[in-house]
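# Coordinate inspection notes
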Amino acid sequence: MWLNHGCVPNCEAEILDRRVFFRALRDISPGEELTIDYALFVEARHAAEIRERFRCHCPAPGCRGTMLQKQIAGRREAVG
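What you are looking at is a predicted structure, and each value in this text was computed from that prediction instead of being measured.

## Quick look at unusual backbone geometry
- One non-glycine residue with positive phi stands out, namely Arg 18, at about 65 degrees.
- Following the sequence through the fold, Arg 18 ends up in the loop between strand S2 (11–16) and strand S3 (19–24).
- By relative accessible area, Arg 18 is classed as exposed at 82%.
- Here the phi dihedral of Ala 39 falls at roughly 45 degrees; this positive angle occurs in a residue that is not glycine.
- Along the chain, Ala 39 turns up in the loop between strand S4 (35–36) and helix H1 (48–53).
- Accessibility expressed as a relative area gives 16% for Ala 39, which makes it buried.

## Some points on the nonpolar core
- Grouped together as the largest cluster of nonpolar side chains are five residues: Cys 7, Cys 56, Cys 58, Ala 60 and Met 67.
- When residues no more than four places from it in sequence are discounted, the contact partners of Cys 58 are His 5, Gly 6, Cys 7 and Cys 63.

## Describing a nonpolar patch on the surface
- A cluster of nonpolar side chains, Ile 15, Val 20 and Phe 22, forms an exposed patch at the surface whose accessible area comes to about 320 Å².
- Locating Phe 22 in the fold gives a position in strand S3.

## What about the side chain of Gln 69?
- Within the secondary structure, Gln 69 is located in the loop between H1 and strand S5 (70–72).
- The buried category is assigned to Gln 69, whose relative accessible area is 13%.
- Within the structure, the side chain of Gln 69 is placed 3.4 Å from the backbone oxygen of Ala 39, a separation counted as a polar contact.

## Considering the side chain of Thr 35
- Within the secondary structure layout, Thr 35 lies in strand S4.
- Beyond its immediate sequence surroundings of up to four residues, Thr 35 is in contact with Asn 4, His 5, Gly 6, Val 8, Pro 9, Asn 10 and Cys 11.

## Things to note about the pattern of salt bridges
- Tallied over the entire structure, the rule returns five salt bridges.
- Two residues, Arg 23 and Glu 14, come together in a salt bridge whose shortest N-O distance is 3.3 Å.
- Relative accessible area serves as the criterion here: at 42%, Arg 23 is assigned to the partly exposed category.
- Given a relative accessible area of 30%, Glu 14 falls into the partly exposed group.
- Taken together, the shared-partner salt bridges connect Glu 12, Glu 14 and Arg 23 into one network.

Cut-off values and rules
- Residues take numbers from 1 onward in each chain, read along the sequence in its written order.
- At least 70 in pLDDT is required for a residue's local features to be given in this predicted model, at least 80 for side-chain atom pairs to be given and counted, and no such filter applies to totals for whole chains, interfaces and linings, which use all residues.
- Based on all heavy atoms of the structure, the side-chain values leave hydrogens and waters out of the count.
- Secondary structure follows DSSP: runs of H or I at least 4 residues long count as helices, runs of E at least 2 residues long count as strands, and numbering of each begins at the N terminus.
- For each residue, the accessible area found with a 1.4 Å probe, counting protein chains only, is set against the maximum for its type, and the residue is called buried under 20%, exposed over 50%, and partly exposed in between.
- Only buried Ala, Val, Leu, Ile, Met, Phe, Trp, Tyr and Cys residues count toward a nonpolar core, and they belong to the same one when joined by side-chain atoms within 4.5 Å.
- Any two residues having at least one pair of non-hydrogen atoms within 4.5 Å are treated as being in contact.
- Only residues whose relative accessible area exceeds 30% and that take part in no salt bridge are eligible for patches, with like-charged residues grouped when within 9 Å of each other and nonpolar side chains (Val, Leu, Ile, Met, Phe, Trp, Tyr) grouped when within 5 Å.
- All accessible areas in this document rest on Shrake-Rupley with a 1.4 Å probe, and a residue is counted as covered only by the protein chains that are shown.
- By convention in these notes, a salt bridge is any Lys or Arg side-chain nitrogen within 4 Å of a carboxyl oxygen on Asp or Glu.
- Counted as a polar contact is a pair of N or O atoms within 3.5 Å, where, for protein atoms, one must be capable of donating a hydrogen and the other of accepting one, and residues adjacent in sequence contribute only when both atoms are in side chains.

Below you can see the structure in the form of C-alpha cells.
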C-alpha cells in the first residue's frame, strides 16, 4: 500500500494514461519494504533548513542523505 523513499530503490514509478504503476527493479523478497527514489523538487536553494526537512533515513550504503533530487552546478537533475 505504501512505498517509502530509498536512495537505492527496488521499484520505480511509471505513468501510463494518467495512471501510476510501480515496477520492480529487481526480485523483491516476501516482507521486504518497497522503496522508490522520491527525487523531490523544491524551488528553494537546498540550504541546511531544506536539507534537514527532507533528510533521508534509509539504510542504503552510500545514502545521499536527502529525499531531494540531485542538484548539479546550479541546475537540478532528476535522479534515477
